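Architecture and fold: a report
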Amino acid sequence: MPAITLPDGSVRPFDGPVTGTAVAEAIGPGLARAALIMKLDGKLVDMSTVVTADANIAFVTRRDEDALEMIRHDAAHVLAEAVQELFPGTQVTIGPSIENGFYYDFARNDPFTPEDFPAIEAKMKEIVARGAKFVRQEMDRDDAIAFFMAKGEKYKAQLIQDLPKDQTISLYSQGDWVDLCRGPHLRSTADVGMAFKLMKVAGAYWRGDHRNAMLSRIYGTAWRDQKELDAYLHQLEEAERRDHRRIGKDMGLFHIQEEAVGSVFWHPKGWKLYRTVETYMRRRLDSNGYQEVKTPQLVDRSLWEKSGHWENYRQNMFVAQVEDENKFLALKPMNCPCHIQIFRQGMRSYRELPLRMAEFGCCHRYEPSGALHGIMRVRQFTQDDAHIFCTEDQIASETARFIELLSSIYRDLGFPEFRIKFSDRPEARIGSDAEWDKAEGALREACAIAGVSFELNPGEGAFYGPKLEFVLRDAIGRDWQCGTLQVDPNLPERLDAEYVGEDGARHRPIMLHRAILGSFERFLGILIEQYAGRFPLWLAPVQAVVATIVSDADGYAEEVATAFRRAGLDVRTDLSNQKINAKVREHSLAHVPVLAVVGRNEAANRTVALRRLGSQAQEILPLAEAVARLKAEATPPDLRDAEGATEIA
RNA sequence: GCCGGCAUAGCUCAGCGGUAGAGCAACUGAUUCGUAAUCAGUAGGUCCACAGUUCGAUUCUGUGUGCCGGCACCA
């Protein structure tokens, strides 16, 4: 006698076991038509699921967010059926829903190409139009394996083989086509709708392991209706316009060329941006108790042998050989061993701890060719690196302090939101469980003190200690690790760093590796995308252009530019023989934040007409006032008389 | 590194088995104009590199390099 409680609190009794479909029908024909799937005591299940006991049920319709994921999951099934109909002999593997869409991995000798899409999409639409019901069937494990083996689906058989012994094996069929699937599903393929599109093909390793076979993956996007799909496609186009590689070229910020793959040629404007951020960072570090150092680029192999890098990281290192001497030097892939060399000079006391040693350290890493991406992933990059030498007891407070500094800097640079991932102990690790407990506990405590939450990234810590990763998102939704903090008791041990404690004995310090931007290259790439090249005045490489309307104003324009320049602004003049319309357009496209227009009127009255990027309004101000205003606005956030400038004591 | 795609003027791109074209930018001249394109003219290319097929290759084939999208990697 199940009594069904609905979201509005009302209760409906039923005489006996009842399917979700029947419950929906009992409530009303409209709901019965709209209900795609139901939430049974909070868990999504098929509409055909039989309810035998008292339960809470909520029906999910196309309007609900939950419907999206189901539509995408089912679209993956429809894709798989379409592919197998069109390309017999193709084996299916897995096909989940993902952010914005779905994918399906197929095993096939000839990988798919985008040219196959029109046919596959047409077939998918045909399958959706057929509207075959999704039917769930449970099968005995061995039967299921035999079933898929008989169909030549070795990957599916393998999947079942590896499922836990006690797990129910369920299959879903849509017409004649059957797939191994945990479910749940919508009612029929018709519920997928037509608002989907195949996006790209890609190779992907079976089970994400590069030792396995390469499968052919097809990515698609799917939405609740055409309007949503169109909006998404439009958003993608917009995102492409923000691409830092596009903007870097258009604004003349940097370039990369074949002779120096993975290394950036910074042009004057790009370097100006770089220097503005670097100068800002240096001020923040200086006022936060860091000591800046500079260490060598080329370091003898012997140090890398001691640090362990020669053994474990060599395939990523650029090695230089000196002709006259039988020596190998390596370009440093990281700064830590060098910083320990400075720490080791002389005798250190516990009174010096925590000792915060910072370097804008240029590192080289031979990254895999396929990993390179614009200036976001390069082979030569400069980290805003620092190492905090401290005691075990200082880890939590130093980490909390670091998170606060990082948050303040991200906020200043236009990233009020960011994600934190907490990577804890991996399988392969050194150190005792007690030591790991302590280090992980300290990072947790630090997050609590700083008032930030994190997502757990289980087992992803370094072999020597746990870490926090601070993640920012680029224009098209890819996540990039920027900031990081890692607890490391290992390297001080290997490179013999020590200090004299309060007790007069020698102790090993803990080393906290930390970076806020991560690397200038990556961070600037994200910064460019964040602002789409329309930087706030203090960051903009060219801050203002003084443009004339008539050549009679040339002299005054120079005067205005000089006044701006004296106020510390990077200003250009545009005295060219063009209409003001053309000048406005040109400098707007170049993302210059302030356009100061001067014509006969301004010259006569000693005023300027200011026009802001993105606005059509103009403001006529006396020259002195314009200078004062822009100067104030161009002041970096940490130097303004606001609360944001307060430093941690 | 692996799978797929791409490589033509500074940029965005078209094109073809008979050694190349547009728009924008650049340059020259005219125009002095009030807030997102003034007009006219000129110049600009080893069609990524190497090898092969061919009477002839920028075009077809192969190899390499680089880039793009994923995957793997990311101390």
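All figures in this text were calculated on a predicted structure; none of them were measured in a lab.

Examining the sheet that holds strand β12 (residues 169-174)
- Overall, antiparallel pairing links the three strands, which are arranged β11-β12-β13 in an open sheet. At either margin of the open sheet sits one strand with a lone partner, and together these are β11 (134-139) and β13 (177-180). Across the sheet, the axes of successive neighbouring strands diverge by a mean angle of 30 degrees, strand direction being ignored.
- Of the pairings in the sheet, the one linking β11 to β12 comprises six bridges and is antiparallel in character. In the sheet register, F134 faces β12, and the bridge partner there is Q174.

Considerations on the sheet that holds strand β7 (residues 55-60)
- Strand order in the open sheet made by the five strands is β2-β1-β7-β4-β5, with mixed pairing throughout. Of all strands in the sheet, those bounded by a partner on one side alone are β2 (11-13) and β5 (43-45). For this sheet, the mean inter-axis angle between neighbouring strands, taken without regard to orientation, is 35 degrees.
- Summarising the sheet, strand β1 (residues 3-5) and β7 pair through two bridges and their orientation is parallel. Its bridge partner lying in β7, T5 is registered against N56.
- Packing of helix α1 (residues 20-27) onto the sheet brings it into contact with β1, β2, β4 (37-40) and β7, and relative to β7 it is tilted by some 80 degrees.

Things to note about the packing of aromatic side chains
- A full pass over the atoms with the stated rule returns 23 aromatic pairs.
- Ring geometry for F254 and W266: centres 5.7 Å apart, planes at 70 degrees, overall edge-to-face. One end of the pair, F254, is in strand β16 (residues 254-255); the other, W266, is in strand β17 (residues 265-266), with twelve residues separating them in the sequence. The two residues F254 and W266 agree in class, both being buried.
- Relative to F470, the ring of F418 lies with its centre 6.2 Å away and its plane at 55 degrees, an arrangement referred to as tilted. Of the two residues, F418 sits in the loop between α13 (395-412) and β25 (419-423) while F470 sits in strand β27 (residues 467-473), which places them 52 residues apart along the sequence.
- When its relative accessible area of 0% is taken as the criterion, F470 is described as buried.

Topic: the protein's contact with RNA strand B
- Of all residues adjacent to RNA strand B, which total 52 residues, the nearest are H309, M334, S369, N577 and R611.
- Per the 4 Å cut-off to the protein, sugar and phosphate atoms form 52% of the nearby atoms of RNA strand B.
- In this structure, a phosphate oxygen belonging to RNA strand B sits 2.3 Å away from a side-chain N or O atom of S369.
- In this structure, a base oxygen belonging to RNA strand B sits 2.5 Å away from a side-chain N or O atom of Q618.
- Mapped onto the surface near RNA strand B, the elements with two or more residues apiece are β14 (196-205), β15 (214-222), α8 (244-250), α11 (309-312), α18 (580-589), α19 (600-605) and β35 (607-612).
- No other element matches the seven residues that α18 contributes to the surface near RNA strand B.
- In the surface near RNA strand B, the residues fall into 20 nonpolar, 17 polar and 15 charged.

Let's talk about the pairing of strand β34 (residues 594-598)
- Counting buried positions along β34 gives five out of five residues, so the element sits mostly inside the fold.
- Side-chain alternation along β34 places V594, A596 and V598 on one buried face and L595 and V597 on a second face that is also buried.
- Pairing between strand β32 (residues 544-548) and β34: five bridges, direction parallel. Within β34, the position partnered with A547 by the bridge is V597.
- When β34 meets β35, the two strands line up antiparallel, connected through four bridges. Following the sheet pairing, L595 is matched in β35 by R611.

So, empty space enclosed by the protein
- Scanning the entire structure with this criterion turns up one cavity of 30 Å³ or more.
- Taken as a whole, the largest cavity spans an internal volume of roughly 60 Å³.
- Lining the largest cavity are V584, H587, S588, V592, V594, L595, R611, R612, L613 and G614.
- Tallying contributions element by element places α18 first for the lining of the largest cavity, with three residues.
- The residue inventory of the lining of the largest cavity, partitioned by class, reads five nonpolar, three polar and two charged.

Observations concerning helix α9 (residues 268-286)
- Helix length check: α9 (19 residues) gives 26 Å between terminal C-alpha atoms against 27 Å at 1.5 Å per residue, within 8%.
- When α9 is considered as a whole, its buried residues turn out to be G270, L273, Y274, T276, V277, E278, Y280, M281, R284 and L285.

As for the pattern of salt bridges
- In the structure shown here, the tally under the stated rule is 49 salt bridges.
- The closest approach of N and O atoms between E85 and R130, which form a salt bridge, is 3.2 Å. Taken together, the residues E85 in helix α3 (residues 65-86) and R130 in helix α4 (residues 117-130) connect sequence positions 45 residues apart.
- Two residues, E633 and R612, come together in a salt bridge whose shortest N-O distance is 2.8 Å. Placement of E633 in helix α20 (residues 623-633) and of R612 in strand β35 is noted, with a sequence separation of 21 residues between them.
- Looking at R612, the relative accessible area reads 25%, which means it is partly exposed.
- Here the residues in one salt-bridge network are E81, E85, K123, E126 and R130, joined through shared partners.

Re helix α7 (residues 226-242)
- When the terminal C-alpha atoms of α7 are compared, their 25 Å separation across 17 residues agrees well with the 24 Å that a helix rising 1.5 Å per residue should span.
- Along α7, the positions that sit buried rather than exposed are E228, L229, Y232 and A239. When α7 is viewed along its axis, its buried side chains cluster within an angular range of 100 degrees and face the same direction. Set apart from the buried face of α7 by more than 90 degrees, the exposed residues are K227 and R241.
- For α7, the secondary structure elements touched by its buried residues are α3, β14 and β15.
- N-cap assignment for α7: the residue whose side-chain oxygen lies 3.1 Å from the backbone N of K227 is D225.

Notes on the side chain of D191
- Take D191: it is sitting in the loop between β13 and β14.
- For D191, the contacting residues outside a window of four places in its chain are L36, R62, I71 and L186.

The rules we used
- Residues numbered from 1 in each chain as written.
- Chains lettered and ligands numbered in written order.
- Predicted model: local features only at pLDDT ≥ 70, side-chain atom pairs only at ≥ 80, totals over all residues.
- Heavy atoms only, no water.
- Pairing = 2+ DSSP bridges.
- Helix = DSSP H or I, 4+ residues; strand = E, 2+ residues; numbered from the N terminus.
- Axes fitted to C-alpha atoms, helices over the stretch in contact; angles between N-to-C directions.
- Contact = heavy atoms within 4.5 Å.
- Phe/Tyr/Trp six-rings, centres within 6.5 Å; stacked < 30°, edge-to-face > 60°.
- Buried < 20%, exposed > 50% of the residue type's maximum accessible area, 1.4 Å probe, protein only.
- Near = heavy atom within 4 Å.
- Polar contact = N/O pair within 3.5 Å; in protein donor to acceptor, adjacent residues only side chain to side chain.
- Nonpolar A, V, L, I, M, F, W, Y, C, P; charged D, E, K, R; others polar.
- 1 Å grid on protein atoms, 1.4 Å probe; cavity = no way out; pocket = protein on both sides within 12 Å on 5 of 7 lines; lining within 4 Å.
- Points joined across faces, edges and corners; volume = space filled by probe spheres on them.
- Expected span 1.5 Å × (residues − 1).
- Salt bridge = Lys/Arg side-chain N within 4 Å of Asp/Glu carboxyl O.
- Arc of directions from axis to C-beta.

Structural measurements only, silent on function.
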